[in-house]
Amino acid sequence: MNPVLFKELRSMLRERRGFLVPMIYAAVLSATVYLFFVSFGERESDALGSTIAGEVAILQLIAIAIFSPLVGAGAIAGERERGTWLPLLSSPVARWRIAAGKATASALYVLLLLSVSVPIAALSLLFGGADLAVLGGLYLTHAILGVTLALFGLAVSTIFHRTWTAALVSVGGALGLVVFTAAIYAALGGFHSEGGHPTWPMYFNICYSWMLFFGGDHDAGSRIGWLWHFLALGSIGVGSFAFVLRRLRRTCD
Amino acid sequence: MINVESLSHSYDRARTVLDAVAFEVRAGSVTGLVGPNGAGKTTLMRAIATLLRPRGGRVTVDGHDAVREPERVRRALGFLPERATPYLELTCAEHLEFFARAAGVTAAERAARISRALEQAGLRDRRDAPVKHLSKGLRQRLALQATLIHGPRALVLDEPTDGLDPESRGEVLASIRELARNGRAVLISSHVLSEIEAVADDVVILIDGKRQDAAPQAKGAPEFRIRLRDRADEAERMVSTLPAVAAVVRKNDALLVTLAIGVADPGDVAAAIVRAGFVLTTLEPVETTLANTYRDVVARSRNRGNGGLPS
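Residues numbered from 1 in each chain as written. Chains lettered and ligands numbered in written order. Predicted model: local features only at pLDDT ≥ 70, side-chain atom pairs only at ≥ 80, totals over all residues. Heavy atoms only, no water.

## Details of the domain arrangement of chain B
Residue and element names in this part refer to chain B. Threshold: As used throughout, domain bounds are those supplied by an automatic or database domain assignment. Residue contacts are counted whenever heavy atoms from the two residues lie within 4.5 Å of one another. Summed over both partners, the accessible area (1.4 Å probe) lost when two parts come together is defined as the buried area.
Taken domain by domain, chain B comprises domain 1 (2-211) and domain 2 (216-305). Relative to domain 2, the C-alpha centre of domain 1 lies at a distance of 37 Å. Contact with domain 1, which involves nine residues of that partner, is made by eight residues of domain 2. Between domain 1 and domain 2, the buried area comes to about 730 Å², and carbon and sulfur atoms account for 82% of it.

## Digging into the nonpolar core
All names here are of chain B. To keep things clear, this is the line we draw: As used here, the term nonpolar core means buried Ala, Val, Leu, Ile, Met, Phe, Trp, Tyr and Cys residues forming a set that is joined through side-chain atoms within 4.5 Å. Buried, partly exposed and exposed residues are distinguished by accessible area as a fraction of the type maximum, computed with a 1.4 Å probe on protein chains only: under 20%, between the cut-offs, and over 50%, respectively. Put simply, DSSP H or I for four residues or longer makes a helix, DSSP E for two residues or longer makes a strand, and each gets a number counted from the N terminus.
Counting 69 residues, the largest nonpolar core has Ile2, Leu44, Ile48 and Leu77 as its most contacted members. No other element matches helix H3 (residues 92-102), which puts seven residues into this core. With near-sequence residues (within four places) excluded, Ile48 lies in contact with Ile2, Val4, Val59, Val61, Ala66, Val73, Leu77, Val156 and Leu187. The next biggest cluster of nonpolar side chains, apart from the first, holds 27 residues, and it includes Ala143, Leu157, Val186 and Ile188.

## Details of the packing of aromatic side chains
Note the cut-off: Pairing of aromatic rings covers Phe, Tyr and Trp, the last counted by its six-membered ring, and requires centre-to-centre distances within 6.5 Å; plane angles under 30 degrees mean stacked, over 60 mean edge-to-face, and any other angle means tilted. Criterion for a charge above a ring: Lys NZ or Arg CZ within 6 Å of the ring centre, and within 35 degrees of the ring normal.
Tallying each qualifying case throughout the model produces five aromatic pairs over all chains. Measuring from centroid to centroid gives 5.6 Å for Tyr87 of chain B and Phe98 of chain B, while their planes differ by 85°, and the two rings are edge-to-face. Taken together, the residues span a long stretch of sequence, with Tyr87 of chain B in the loop between strand E6 (77-80) and H3 and Phe98 of chain B in helix H3 at a distance of 11 residues. On the basis of relative accessible area, Tyr87 of chain B is assigned to the buried category, the value being 1%. Among the residues examined, Phe98 of chain B registers a relative accessible area of 3% and is labelled buried. Look at Phe98 of chain B and Phe99 of chain B: their rings are 5.1 Å apart centre to centre, the planes differ by 70°, and that puts the pair in the edge-to-face class. Comparing Phe98 of chain B with Phe99 of chain B shows no difference in burial state: the two are buried. Grouped by ring-pair contacts, the aromatic residues Tyr203, Tyr208 and Trp228 of chain A constitute a single cluster. One cation-aromatic arrangement involves Lys7 of chain A over Phe98 of chain B; the distance from NZ or CZ to the ring centre is 5.8 Å. Here Arg101 of chain B stacks its cationic end above the ring of Phe6 of chain A, 4.9 Å away from the centre of that ring.

## Brief notes about the packing of H3 of chain B against helix H4 (residues 107-120) of chain B
Residues and elements named next belong to chain B. For the record, the criterion: Whenever a helix is involved, its axis is fitted only over the stretch in contact; in every case the axis is a line through C-alpha atoms, and angles between N-to-C directions fall within 0 to 180 degrees. Oblique is the label for any angle not covered by the other classes, which are roughly parallel (under 35 degrees), roughly antiparallel (over 145) and roughly perpendicular (65 to 115). Crossings are classed by handedness, with left-handed meaning an anticlockwise turn of the near helix from the far one by less than a right angle and right-handed meaning a clockwise turn.
At a closest axis distance of 10 Å, the pairing of H3 and H4 adopts a crossing angle of 130°. With respect to their mutual orientation, H3 and H4 come out oblique. When the axes of H3 and H4 are compared, the crossing they make is right-handed. On H4, the residues that touch Cys92, Ala93, Leu96, Glu97, Ala100 and Arg101 of H3 are Arg110, Ile114, Ala117 and Leu118.

## Concerning the side chain of Glu79 of chain A
Relative to the elements of secondary structure, Glu79 of chain A occurs in helix H3 (residues 45-82). Overall, the relative accessible area of 1% leaves Glu79 of chain A in the buried class.

## Description of the pattern of salt bridges
Residues and elements named next belong to chain B. Here is the rule we go by: Here, a salt bridge means any Lys or Arg side-chain nitrogen found within 4 Å of an Asp or Glu carboxyl oxygen.
Scanning all chains against the criterion turns up 24 salt bridges over all chains. Glu5 serves as the salt-bridge partner of Arg58, at 3.9 Å between the closest nitrogen and oxygen. Separated by 53 residues along the polypeptide, Arg58 in strand E4 (residues 56-61) and Glu5 in strand E1 (residues 2-12) bring together distant segments of the chain. Judged by relative accessible area, which is 33%, Arg58 ranks as partly exposed. A relative accessible area of 36% places Glu5 in the partly exposed class. In this structure, Glu171 and Arg141 form a salt bridge, with 2.6 Å as the shortest nitrogen-oxygen distance.

## With respect to a nonpolar patch on the surface
Cut-off, in case you're wondering: The patches reported here contain residues having more than 30% relative accessible area and no salt bridge. Joining distances are 9 Å for like charges and 5 Å for nonpolar side chains (Val, Leu, Ile, Met, Phe, Trp, Tyr). Per-residue and other accessible areas were derived by the Shrake-Rupley procedure at a 1.4 Å probe size, with only the shown protein chains allowed to occlude residues.
A grouping of Phe19, Leu20, Met23, Ile24 and Val28 of chain A is seen on the molecular surface, where their side chains present a nonpolar patch of about 460 Å² in accessible area. For Ile24 of chain A, a relative accessible area of 51% gives the class exposed.

## Overview of the interface of chain B and chain A
On the chain A side, the residues contacting the 26 residues of chain B number 25 residues. Looking at the side of chain B facing chain A, the largest losses of area belong to Leu51, Arg74 and Glu89 of chain B, adding up to 27% of the total buried there. For the interface between chain B and chain A, the tally reads three salt bridges. Note that Arg14 of chain A and Glu94 of chain B form a salt bridge whose closest N and O atoms lie 2.6 Å from each other.

Following this line, the structure appears as C-alpha cells:
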C-alpha cells in the first residue's frame, strides 16, 4: 500500500474534522428530511419520496461543492504550514506516489462523505417516487464531481503556503466555475426557450446535474448530456492531477 | 561524498542568491555552513536536497547528480530542514514507520530500525505516545531519527538545534558527531558559531551567495591586533601590500592582521610599520576563533561593498 495514502487516511480519521464533517452533514440532512416528513403530514408518500430524493440531491451537491475542494486544499498547503512538507519531499518516496497518495486519500474522504447520506436517500425508495436508477445516477454524478473538485483543491494546494488561502481559492474556483460557465451559456443564448443553442459550457458546470435531474427529460439526448458532463468533469480532474504531478516533479517549496 | 561545484541560483534576475559556490563534504566529516540571514545557506541546502533546481553548477551526493538522478540522491541523503516538525497526529513509532515505508525499508528490517531509532532518540518508553505530546527537543530528536531511518550516507541539517534548550542542543550535537564518526558526511548550518566550532571539521562561510575565503584564519594562521596612534587608514593600505600579510581589517584605530601561511613572527610587519613613519602603540596576538574569523570575513566583505549584516 502507498505509504502516503496509509498515513493520510490515518491522520484524516484521527483529526477532529475527519469525523465532525460527516456527522454534521448527516445531522443537517436528517433534520431537513424530518422537517419535510412532518410538513407533508397526510399527503401521499410518492410526493414525499421524490421530495426527499430532490432534497438529498441539492444538499449533497452543496456539501460536495464546499467540502471536496477543502479536503484537497488542506492536503499540501496544510503540510507546508505545519512544517512536514519538506521532510516528506526530501525523503526517498517517489513524487508520483506522494501525488497519488494525497489524491486517493482526498477522493476516499469525499466518498465517505457521500456514503453518509445513503440511508437517508434510501428513504425515498421506501416512500416511492424515486427509482434506484435515478438515485444511482445521482450518486455516480456526485462521486465524479466530488473527486474532481478534491483534485482541483489538491492542485490549488500545491501553489499556496497557507491552508486558508488554498481553501478560499479552491472553493471560490469551484463556485466561479458555476458562474463562469453559466455566463458563457447565457451569452450563447442558452437560457432562451428556443432550442438549437450550444450546451457545451454547461457540461463543465457543477450544477448541470440539477438541470438533467429536475428537467425530467430522460431520453437519449439527456443520456448524451450525462456522458459529456462526466467527460468534462473527468477532464478537469485529470488536468488537476497532471498539474499536481508537474508541480511536485519540479519541486519545490 | 557531497560535492558542490560552481553552484549558482537566482529566484529572479535582479538578485543572485548563490554565486559559483564550491566545496566538498568528505565522508566521516562535519562541515559547518555559516553566514548572515539571507546569505543563501537554506537555498544551498535545498539545492543539495533536490528541493530546487539550480540555475548553474552541479551537486553530486555519493556520485549521483542532484538534477539528473534526484531519487538516487534522496536515497543517499538525509535532509532535516529548518523548523521541521514530525506528524503531530501520529505516534512516535508510526512517524518513524511512515518514513521507513516511504524509503522502501522491508517489513522485516523496519521493526529493528524503528526500535533502534527510538532508542537513540531517547523515546524507547514513549513508542506509542502521540508526537503532539512531546517536548520541542524530543520532537527534534525524533525528526532527526526519521531523517536517518533509511540509512543515508550523507546528511544535510539546516539549523538542527534551533529553539532547543542547552541540554538538548548538546545531545543533538553529540549525535551529529557520532554520525560523522560512523562514516557519514554531514553538512550543518547554525547561527550559533560556538556550536559549529565544537562540531565541525571544516567551515564554509557564505555571504551574499558567495563563499568567502577564510582559509588563513580557519587553518590557524597567526593573527595580531596592532594599535596605532593615528592614520590607521593609511597604515591599513600600506600593511595590506606586505608579502608577510594574508589579510588586514581595520577597526577604529586598530588593525587586525592575519599573517601569511608560513610566517610566524609579526616582527617584520611591525618594523615595516615603524619604518613607514607610523607610531605603533600596541601589538598583541589574537586568539583565533570561528567567531573572530567570521567577524573579520564579514567586515572584509562589507569593506568590499558586498557584505551582509551578521545575525
